[in-house]
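Residues per chain, in single letters:
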Amino acid sequence: MVETNVIEQKPSQTAFFNALRRALAHKIYQNKVFGPDDLAEVFLPSIYRLFLKFPKVQKNTWDKLETAFPGLNAYLIARTAYFDQLFINALIERSHQIVILGAGYDSRAFRFAKLNQSTKIFELDSSPTQERKKKCLKKAKIKTPDKFKFIPIDFNRESLSDVLIQAGFKKQTSALFLWEGVTYYLDPDSVAATLDTFKILTGKDSLIAFDTMVSIKDEDLQEYYGAKEFYQSMRAAHPDEKMMFSIPEGQIETFLDKHHLSLVEYLSPQEIERKFLMDEDVSSIGQITGLFRFVLAAPV
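So, about the environment of S246. By the element assignment, S246 lies in the loop between α9 (227-237) and α10 (252-257). For the pair S246 and P55, spaced 191 residues apart in sequence, the C-alpha separation works out to 37 Å. Aside from chain neighbours lying at most four places away, what touches S246 is T212, M213, V214 and S215.

Right under this line is the structure:
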């Protein structure tokens, strides 16, 4: 069973602000490289959609978010690109299944529906966030794709394995698990349980992708771009969504080995910026918050 310390009784606020950043990136950059999520705006309240039509409001909102969370705007652009890439690759390679854990307002199953020939997609989240998402899609007249299932789950009380199997997930079959923007809100036991479930459920050629935070002592926060401001702003703006999990720098392989997983890819902030934030002039569009890392792992 996957457990967390917080029972979500209302739609996730961090999921909302992630959608807001993706919507802004789409409007500001007006391209598929840095602003690919053309559906993110669907999940914003009508008053937001109205005001965000104006470039000045877009820039002011973007700048305010950047001031509160230095580097997080750029991080969300890079993270969207990274997980988009994995999702598209899985569809092209006709992976049997994709599981999106703690999906929030993820739009990949809808944005890339035309690429999906045979892959079953399971999207799991708490009922409040998922119900709001479904209402937004219905209001925007966006059709739910074939081979796609919304799966509400109470991570505090329900078994991830049982819920997936009941929804039609096939054990010991190739799958891609996307776990974006979630691990740091969970306690270590919950993270461990999810990784163990992935290992038990999936077959060879399966992958799990997640982003994580590195463990940093308070006295060292200044050495990581935007880290101090990030923690301060999270405590002030999102007191109900506490940061509980991190992995010490240099210990990712040891951590994964405990769960019988092997490291496929591990990206530092510098590597993330180089791969996903370089414009046509080969200069970075921004520096990401120094706390975050991308991880791609496979069963041993």
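Core analysis: the largest hydrophobic core is formed by 64 residues, its most contacted members being F87 and F230. Ranked by residues supplied to this core, first place goes to helix α4 (residues 72-92) with 13 residues. Apart from residues lying up to four places away in sequence, F87 is in contact with I98, I100, R108, A109, F112, I121, L176 and L178. By size, the runner-up hydrophobic cluster in this structure holds 31 residues, among which are L164, F169, L195 and A297.

What follows concerns helix α11 (residues 269-276). Along α11, the positions that sit buried rather than exposed are P269, I272, E273 and F276. When α11 is viewed along its axis, its buried side chains cluster within an angular range of 100 degrees and face the same direction. Facing away from the buried side of α11 by more than 90 degrees, the exposed set consists of Q270, R274 and K275. As for α11, its buried residues are in contact with α4, β6 (261-267) and β7 (292-299).

Here the focus is the pattern of salt bridges. In total, this model carries 16 salt bridges according to the counting rule given. K59 is the partner of D63 in a salt bridge, and the nearest nitrogen-oxygen pair spans 2.7 Å. In this pair, D63 and K59 both sit in helix α3 (residues 55-68), 4 residues apart, roughly one turn of the helix. With a closest N to O distance of 3.1 Å, R79 and D211 form a salt bridge. Pair noted here: R79 is in helix α4 and D211 is in strand β5 (residues 207-213), with a separation of 132 residues, a long-range link. As far as burial versus exposure is concerned, R79 and D211 are alike and both buried. Here the salt bridges do not stand alone but share partners, grouping R22, D37, R79, D84, D106, R108, R111, E180 and D211 into one network.

Scoring rules and cut-offs
- Residues numbered from 1 in each chain as written.
- Predicted model: local features only at pLDDT ≥ 70, side-chain atom pairs only at ≥ 80, totals over all residues.
- Heavy atoms only, no water.
- Helix = DSSP H or I, 4+ residues; strand = E, 2+ residues; numbered from the N terminus.
- Contact = heavy atoms within 4.5 Å.
- Core = buried A, V, L, I, M, F, W, Y, C linked by side-chain atoms within 4.5 Å.
- Buried < 20%, exposed > 50% of the residue type's maximum accessible area, 1.4 Å probe, protein only.
- Arc of directions from axis to C-beta.
- Salt bridge = Lys/Arg side-chain N within 4 Å of Asp/Glu carboxyl O.

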